[in-house]
Amino acid sequence: GAVVSQHPSWVICKSGTSVKIECRSLDFQATTMFWYRQFPKQSLMLMATSNEGSKATYEQGVEKDKFLINHASLTLSTLTVTSAHPEDSSFYICSARAGQTYEQYFGPGTRLTVT
Amino acid sequence: QQPVQSPQAVILREGEDAVINCSSSKALYSVHWYRQKHGEAPVFLMILLKGGEQKGHEKISASFNEKKQQSSLYLTASQLSYSGTYFCGTLPMEYGNKLVFGAGTILRVKS
């Protein structure tokens, strides 16, 4: 099946620093990748849609200057949380779209803790 | 608009059956089902396309009623490993469609 990796799996950073999270599709090419945020016991909230070679499309209420997304190739998308604050602490999950039927496969997630 | 999932939570004993429902107010291209265990990412279970199809894998199956924009996930003879939160994701027919996830159904299977 389609495999998506995410790195790192967890990160602790200090307030004011930036953190980069990588998402890779390992055995397929993904023209579209998605970034989600999930708080405890809640559903997945789409932050942005990332298309290879073009600017990401952000959902309403998501600050594009704070959450920088780059989709440099068909297998790699990155999310950089800039000037992180404690309220940015969350579980960030990427997914990649595969196939003609728009199946989406999720990476293992990155747990970000900002102190 | 977020699809509505029901029930919010269900507790079963091993071997019992369960049904999880997902309903949307929009015309859908497909419905996607995922299971997420605590602290992990969602795992893809199956996708159902418009056309009213039904799919299954071992003891987990699902149906999609295109006319009602409703999907149901059927868990038969549940096992302990079925425990987790089940999310349906709906893909609208409209241009630029993106998966929209329901609030989730917590399933707990007890021995």
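Computed from a prediction, not measured in an experiment: that's the story for all the values here.

Q: For the state of the cysteines, give the residues involved together with the corresponding values.
A: By the definition in use, this model includes two disulfides over all chains. A sulfur-sulfur separation of 2.0 Å characterises the disulfide bridge that pairs cysteine 23 of chain A with cysteine 94 of chain A. Handedness of the cysteine 23 of chain A-cysteine 94 of chain A disulfide follows from its S-S torsion of about 80°: it is right-handed. With cysteine 23 of chain A in strand β3 (residues 19–25) and cysteine 94 of chain A in strand β9 (residues 90–98), this residue pair connects regions lying 71 residues apart in the sequence. Here cysteine 22 of chain B pairs with cysteine 88 of chain B through a disulfide, and the sulfurs are 2.0 Å apart. Handedness here is read from the sign of the S-S torsion; for cysteine 22 of chain B and cysteine 88 of chain B, about 70°, the answer is right-handed. In this pair, cysteine 22 of chain B sits in strand β3 (residues 18–23) while cysteine 88 of chain B sits in strand β9 (residues 84–92), placing the two residues 66 residues apart along the sequence. Take cysteine 22 of chain B: its relative accessible area is 2%, and that puts it in the buried class. Just so you know, cysteine 13 of chain A is unpaired, no disulfide at all, and the nearest cysteine sulfur is the one on cysteine 94 of chain A, 18 Å from it.

Q: Residue-level account of the sheet that holds strand β7 (residues 67–73) of chain A, with values.
A: Residues and elements named next belong to chain A. One open sheet accounts for four strands, arranged β1-β3-β8-β7; its pairing is antiparallel. In the strand order of this sheet, the two ends are held by β1 (4–7) and β7, each with one partner. On average, each strand axis in the sheet is inclined to that of its neighbour by 15°, with strand direction left out of account. As paired elements, β3 and strand β8 (residues 76–81) share six bridges and run antiparallel to each other. Considered in β8, the bridge of lysine 20 is made with threonine 80.

Q: Let's hear about the interface of chain A and chain B: which residues, and what values?
A: Between chain A and chain B, the contact holds 23 residues from the first and 20 residues from the second. Of the roughly 1500 Å² buried at the junction of chain A and chain B (both faces included), carbon and sulfur atoms supply 62%. In terms of surface lost to chain B, no three residues of chain A exceed Ser43, Tyr102 and Phe106 of chain A, which account for 27% of the buried area on that side. Remark: the boundary between chain A and chain B carries one salt bridge. Its salt-bridge partner being lysine 98 of chain B, residue glutamate 59 of chain A comes within 2.6 Å of it at the nearest N-O pair. On the surface where chain A and chain B come into contact, there are four residue pairs in polar contact (both at pLDDT 80 or more). Taken together, the elements giving at least two residues each to the side of chain A that touches chain B come down to β4 (32–38), β5 (45–51), β9 and β10 (103–106) of chain A. In terms of residues, the side of chain A that touches chain B owes the most to one element, β10 of chain A, which gives four residues. Residues belonging to the side of chain A that touches chain B are distributed by class as follows: 10 nonpolar, nine polar and four charged.

Q: Tell me about the pattern of salt bridges, residues and numbers included.
A: Residues and elements named next belong to chain A. Taken as a whole and judged by the stated rule, the model has three salt bridges over all chains. The partner of lysine 66 in a salt bridge is aspartate 88, with the nearest N and O atoms 2.9 Å apart. Remark: aspartate 88 occurs in the loop between β8 and β9 and lysine 66 occurs in the loop between β6 (57–58) and β7; sequence separation between them is 22 residues. Residue lysine 66 is classed as buried on the basis of its relative accessible area, which comes to 12%.

Rules used in this analysis
Residues numbered from 1 in each chain as written. Chains lettered and ligands numbered in written order. Predicted model: local features only at pLDDT ≥ 70, side-chain atom pairs only at ≥ 80, totals over all residues. Heavy atoms only, no water. Disulfide = S-S within 2.5 Å. Helix = DSSP H or I, 4+ residues; strand = E, 2+ residues; numbered from the N terminus. Buried < 20%, exposed > 50% of the residue type's maximum accessible area, 1.4 Å probe, protein only. Pairing = 2+ DSSP bridges. Axes fitted to C-alpha atoms, helices over the stretch in contact; angles between N-to-C directions. Contact = heavy atoms within 4.5 Å. Buried area = accessible area lost by both parts, 1.4 Å probe. Salt bridge = Lys/Arg side-chain N within 4 Å of Asp/Glu carboxyl O. Polar contact = N/O pair within 3.5 Å; in protein donor to acceptor, adjacent residues only side chain to side chain. Nonpolar A, V, L, I, M, F, W, Y, C, P; charged D, E, K, R; others polar.

Purely geometric stuff here, so don't read any function into it on its own.
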